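Below, each chain spelled out in residue letters.
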Amino acid sequence: MACPWLIKNFVDPEAEFLFVPAAEVMSRAAELGATPFDIEGCELGHHGEDVSFNSILKKYQLKDSALELLGEIVRSADSHPSNPHPAGEGLRWVAFGFSELGLADHEILAREFIVYDALFAECKRREGH
């Protein structure tokens, strides 16, 4: 849910998110003229140690140091980088916890945005913003 938060707050505040099975993402995106992300083989996906959040930061040239710090935390939660940020494991637990609540994807999205708002606020504080 980090990517939708990033997109809504820094790329397109009017963005809408569709949740479809992974096998259908690319065909549905083409059919709807949508931009796929966080799926294997797409531009805004995982590349090397970068996760989708990092790909979005790069594509849209979002160079804020607090966003870059948040990107390190998200990378650590979403993959197993060689030098993980210690906050990543806590974020991984939160994400798995949301999955266990039995909520629909859009409900999780709405509820998790506050988590990323709080993480970004702490990243800004630590980066001296």
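Located above this text is the structure these notes cover.
First, a word on scope: everything that follows refers to the structure included in this document.

What counts and how
- Residues numbered from 1 in each chain as written.
- Predicted model: local features only at pLDDT ≥ 70, side-chain atom pairs only at ≥ 80, totals over all residues.
- Heavy atoms only, no water.
- Phe/Tyr/Trp six-rings, centres within 6.5 Å; stacked < 30°, edge-to-face > 60°.
- Lys NZ or Arg CZ within 6 Å of the ring centre and 35° of its normal.
- 1 Å grid on protein atoms, 1.4 Å probe; cavity = no way out; pocket = protein on both sides within 12 Å on 5 of 7 lines; lining within 4 Å.
- Points joined across faces, edges and corners; volume = space filled by probe spheres on them.
- Helix = DSSP H or I, 4+ residues; strand = E, 2+ residues; numbered from the N terminus.
- Nonpolar A, V, L, I, M, F, W, Y, C, P; charged D, E, K, R; others polar.
- Buried < 20%, exposed > 50% of the residue type's maximum accessible area, 1.4 Å probe, protein only.
- Contact = heavy atoms within 4.5 Å.
- Salt bridge = Lys/Arg side-chain N within 4 Å of Asp/Glu carboxyl O.
- Core = buried A, V, L, I, M, F, W, Y, C linked by side-chain atoms within 4.5 Å.
- Disulfide = S-S within 2.5 Å.

Comments concerning the packing of aromatic side chains
A full pass over the atoms with the stated rule returns 5 aromatic pairs. In this structure an aromatic cluster arises from ring pairing among Trp 5, Phe 10, Tyr 116 and Phe 120. Here the guanidinium or amino end of Lys 59 rests over the ring plane of Tyr 60, the centre of that ring lying 5.7 Å away.

Focus: the layout of surface pockets
Taken as a whole, the largest pocket encloses approximately 1,300 Å³ of empty space. Forming the boundary of the largest pocket are 43 residues, of which Cys 3, Pro 4, Phe 19, Phe 37 and Asp 38 lie nearest the centre. Among the elements of the structure, α1 (2–11), α2 (25–32), α3 (52–59), α4 (65–78), α5 (87–100) and α6 (105–126) are those that each provide at least two residues to the lining of the largest pocket. Per-element accounting of the lining of the largest pocket gives the leading share, 6 residues, to α5. Its residues assigned to classes, the lining of the largest pocket comprises 32 nonpolar, 3 polar and 8 charged.

Side note on α1
When α1 is considered as a whole, its buried residues turn out to be Ala 2, Cys 3, Pro 4, Trp 5, Leu 6 and Ile 7. Considering only its buried residues, α1 is in contact with α3, α4 and α6.

Examining the pattern of salt bridges
Applying the stated rule across the entire model yields 8 salt bridges. The shortest N-O distance in the salt bridge between Arg 28 and Glu 31 comes to 3.7 Å. Note that Arg 28 and Glu 31 are positioned in helix α2 at a spacing of 3 residues, about one turn of the helix. One salt bridge connects Glu 72 with Arg 75, and the closest N-O pair in it is separated by 2.5 Å.

A look at the nonpolar core
Counting 26 residues, the largest nonpolar core has Trp 5, Leu 6, Phe 53, Leu 67, Leu 70 and Val 74 as its most contacted members. Elements supplying a minimum of two residues to this core: α1, α3, α4 and α6. Broken down by element, the residue count for this core peaks at 7 residues, all from α4. Sequence-distant contacts of Val 74, defined by excluding residues within four places in its chain, comprise Ala 2, Val 51, Phe 53, Leu 91 and Tyr 116.

Regarding the side chain of Ser 55
With respect to the helices and strands, the residue Ser 55 is situated in helix α3. When near neighbours in sequence (up to four residues on either side) are disregarded, Ser 55 contacts Glu 43, Leu 44, Gly 45 and His 47.

Points about unusual backbone geometry
One non-glycine residue, Asp 38, adopts positive backbone phi at about 60 degrees. As for its placement among the helices and strands, Asp 38 is situated in the loop between α2 and α3. Phi is positive for Gln 61, which is not a glycine, with a value near 50 degrees. Along the chain, Gln 61 turns up in the loop between α3 and α4.

Observations concerning the state of the cysteines
A complete count under the given rule lists 0 disulfides for this structure. Residue Cys 42 stays outside any disulfide, its sulfur separated by 9.2 Å from that of Cys 3, the closest cysteine.

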